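Overview (structure and organization)
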Amino acid sequence: MSGFFVRFEAIKSKIKIMKQRVVIFEAEGGTDKGLDGYRKDTIPIANALRERGWNVDILKFRDEWADKIYNYAKDRYDAYITRVNPGTIPSGEKIFFETLRKLSDAGLEGFSHPDVMQDLGAKDALVKLVGTGLVPEDTYAYYTVEEFKNTFPRSISFGERVLKQNRGSTGEGIWRVQVIDERPYKPGDTLPLDTKLKLTEAKDNHVEYKTLEEFMDFATQYIEGDNGMLVDMRFMPRIKEGEIRILMVGEEPIFVVHKKPAESADAFSATLFSGAKYTYDRPEDWKELVDMFTGRLPEIMSKLGNHDAPLIWTADFMLDWDENGNDTYVLGEINNSCVGFTSHLNQGIQDKIADRVIELVSKKKA
Ligand SMILES: Nc1ncnc2c1ncn2[C@@H]1O[C@H](COP(=O)(O)OP(=O)(O)OP(=O)(O)O)[C@@H](O)[C@H]1O
Ligand SMILES: [Mg+2]
């Protein structure tokens, strides 16, 4: 065989391997759908891929269809993109994630693989980043009720804390905890179980009063069960100036959302429902923060499981001061399970998403 023929055969087999087909998964129900039953950002992604010559199918996932979907998809597509908001599947994500895992094992590129959603998106990602300067050193995760009950009565003596559950979203089970007891104590003390606490939930900034013991008994629900944990982080008072979200496609910052909590005295939540006001900015408007974050991406990714940067994801920051009184930024959360971007559809973000999918699939199949 001539060298030319061998090379030709090699190229031909590569063409065969890459099917240029992508499946997008959605789920029925949820408040994120348009009149056509799809998320408003799904069809634009599909169309951007189609404009580039790729085939796209959009399948609605149901638990009872899991095997059928797997068998249908496993040899048909190069990649899957998931557009399923946590909580949309009535029975939970377990079977959906199992199906995605099997599809990845069958060779499909995952946007995102469940491990990536977990490694970056779980609340304890913050704890894995302790030591990088991106989160306060005194950030903890409790995986057992025992650890929580042993450690929290002392951690709260150092100042206001925010306790974050892992499940749920939009501020549900995210509690600002303040000691309002009259009795004197000093940092490092283990506070007594009858210490009076003021508790504000980020869901709607509503306030409750409980003793330390009552609160810890109440909060054990967040630790028990699948993926249960509580992250214990110091309260960042400059949250009043807003949470700053960077939306990323892969390694590229696309836009910044500045979310200012409502004006009321107790408000600390940046969620829309709680009354926070959103302003959309360009990455250039937050150059210092964005440069810091993109510069540190390799370190962040290596601490969070060494994955490629997800297709569409966000990192949320709060302002703080360094020892010289200059602004610094503290990471509050990473999201990468089903980040929406409808605010920027007319600015071509779907094109960047399609390019990223094609680039990564081509790289993996080459
Ligand atoms: N350490 C902190 N100090 C001050 N405010 C905080 C802190 N952590 C969180 N918050 C506030 O609480 C809100 C909710 O917390 P967080 O973003 O961690 O959870 P979530 O919004 O429920 O999760 P998701 O964004 O996945 O729905 C934030 O938007 C922010 O306003
Ligand atoms: Mg959040």
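Source: prediction; values computed, not measured.

**Comments concerning the domain arrangement of the protein chain**
Structurally, the protein chain comprises domain 1 (3–112 + 350–365), domain 2 (120–126 + 238–341) and domain 3 (137–235). Between the C-alpha centres of domain 1 and domain 3 there is a distance of 40 Å.

**Thoughts on helix α7 (residues 145–155)**
Along α7, the positions that sit buried rather than exposed are Phe-148, Phe-152, Pro-153 and Ser-155. Viewed along the axis of α7, the buried residues span an arc of 160°, placing them on a single side of the element. Exposed side chains of α7 directed beyond 90 degrees from the buried face belong to Glu-146 and Asn-150. Tucked inside the fold, the buried residues of α7 contact β5 (140–142), β6 (161–165), β7 (174–179), α8 (212–219) and β10 (230–234).

**Here we look at the sheet that holds strand β3 (residues 79–82)**
Spatially, four strands are ordered β2-β1-β3-β4 in an open sheet, and the strand pairing comes out parallel. For this open sheet the edge positions go to β2 (55–61) and β4 (109–111), each flanked by a neighbour on one side alone. Strand-to-strand twist across the sheet, computed as the mean angle between neighbouring axes with direction ignored, equals 20°. Alignment of β3 against β4, held across three bridges, turns out to be parallel. Counterpart to Tyr-80 in the pairing with β4 is Gly-110. Seen against the sheet, helix α2 (residues 42–51) touches β1 (21–27), β2 and β3 and runs at an angle of roughly 155° to β2.

**Examining the site of ligand 1**
Around ligand 1 there are 21 residues in total, and Lys-164, Thr-170, Gly-171, Phe-268 and Glu-333 lie nearest to it. The contact in question runs from an oxygen atom of ligand 1 to an N or O atom on the backbone of Ala-270, over 2.9 Å. In this structure, an oxygen atom belonging to ligand 1 sits 2.5 Å away from a side-chain N or O atom of Glu-333. About the coverage of ligand 1: the protein hides 94% of its 610 Å² of free accessible area. Going through the elements one at a time, β6, β10 and β15 (327–335) are the ones with two or more residues in the shell around ligand 1. When residues in the shell around ligand 1 are grouped by element, the largest group, three residues, is from β15. Looking at which domains feed residues into the shell around ligand 1, each of domain 2 (120–126 + 238–341) and domain 3 (137–235) supplies at least three.

Cut-offs and rules
- Residues numbered from 1 in each chain as written.
- Chains lettered and ligands numbered in written order.
- Predicted model: local features only at pLDDT ≥ 70, side-chain atom pairs only at ≥ 80, totals over all residues.
- Heavy atoms only, no water.
- Domains from an automatic or database assignment.
- Buried < 20%, exposed > 50% of the residue type's maximum accessible area, 1.4 Å probe, protein only.
- Helix = DSSP H or I, 4+ residues; strand = E, 2+ residues; numbered from the N terminus.
- Arc of directions from axis to C-beta.
- Contact = heavy atoms within 4.5 Å.
- Pairing = 2+ DSSP bridges.
- Axes fitted to C-alpha atoms, helices over the stretch in contact; angles between N-to-C directions.
- Near = heavy atom within 4 Å.
- Polar contact = N/O pair within 3.5 Å; in protein donor to acceptor, adjacent residues only side chain to side chain.
- Areas by Shrake-Rupley, 256 points an atom, 1.4 Å probe, with all protein chains shown as cover.

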